[in-house]
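Structural features, examined
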Amino acid sequence: MISIFIVLAVFILYYVNKMTNSLCIQKEIPEERQHKVFRTINVLVTILLISSYVEILYT
């Protein structure tokens, strides 16, 4: 079960980063700020994935 969840989490993170890159290009976010945008989004998505796994694990 954990291996399936890890594979799906990597898949989700990849596509979220791909969409974030598209957002940065579309909104013309400066190169200096893109690092902060990516870090913030990745941290929030990782927290969401961990909380989802804990919820699945204990229900």
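Read on for a plain summary of the structure. Since we're looking at a predicted model, the values are computed, not measured. (Residues numbered from 1 in each chain as written. Predicted model: local features only at pLDDT ≥ 70, side-chain atom pairs only at ≥ 80, totals over all residues. Heavy atoms only, no water.)

On the surface, Ile4, Leu8, Phe11, Ile12, Tyr14 and Tyr15 cluster together into a nonpolar patch covering about 610 Å² of accessible area. Along the chain, Tyr14 turns up in helix H1 (residues 2-26). (Patch = residues over 30% accessible without salt bridge, like charges linked within 9 Å, V, L, I, M, F, W, Y side chains within 5 Å. Areas by Shrake-Rupley, 256 points an atom, 1.4 Å probe, with all protein chains shown as cover. Salt bridge = Lys/Arg side-chain N within 4 Å of Asp/Glu carboxyl O. Helix = DSSP H or I, 4+ residues; strand = E, 2+ residues; numbered from the N terminus.)

What follows deals with the packing of aromatic side chains. The full count for this structure, using the stated rule, is three aromatic pairs. A ring pair is formed by Phe11 and Tyr15, whose centres lie 4.9 Å apart and whose planes are at 65°; its orientation type is edge-to-face. Taken together, the residues span about one helical turn, with Phe11 and Tyr15 both in helix H1 at a distance of four residues. A relative accessible area of 49% means that Phe11 is categorised as partly exposed. Overall, Tyr15 belongs to the partly exposed group, its relative accessible area being 36%. With centroids separated by 5.1 Å and ring planes inclined at 85°, the aromatic side chains of Tyr14 and Tyr15 adopt a geometry described as edge-to-face. Three or more aromatic residues link up through ring pairs in this structure, and these residues are Phe11, Tyr14 and Tyr15. (Phe/Tyr/Trp six-rings, centres within 6.5 Å; stacked < 30°, edge-to-face > 60°. Buried < 20%, exposed > 50% of the residue type's maximum accessible area, 1.4 Å probe, protein only.)

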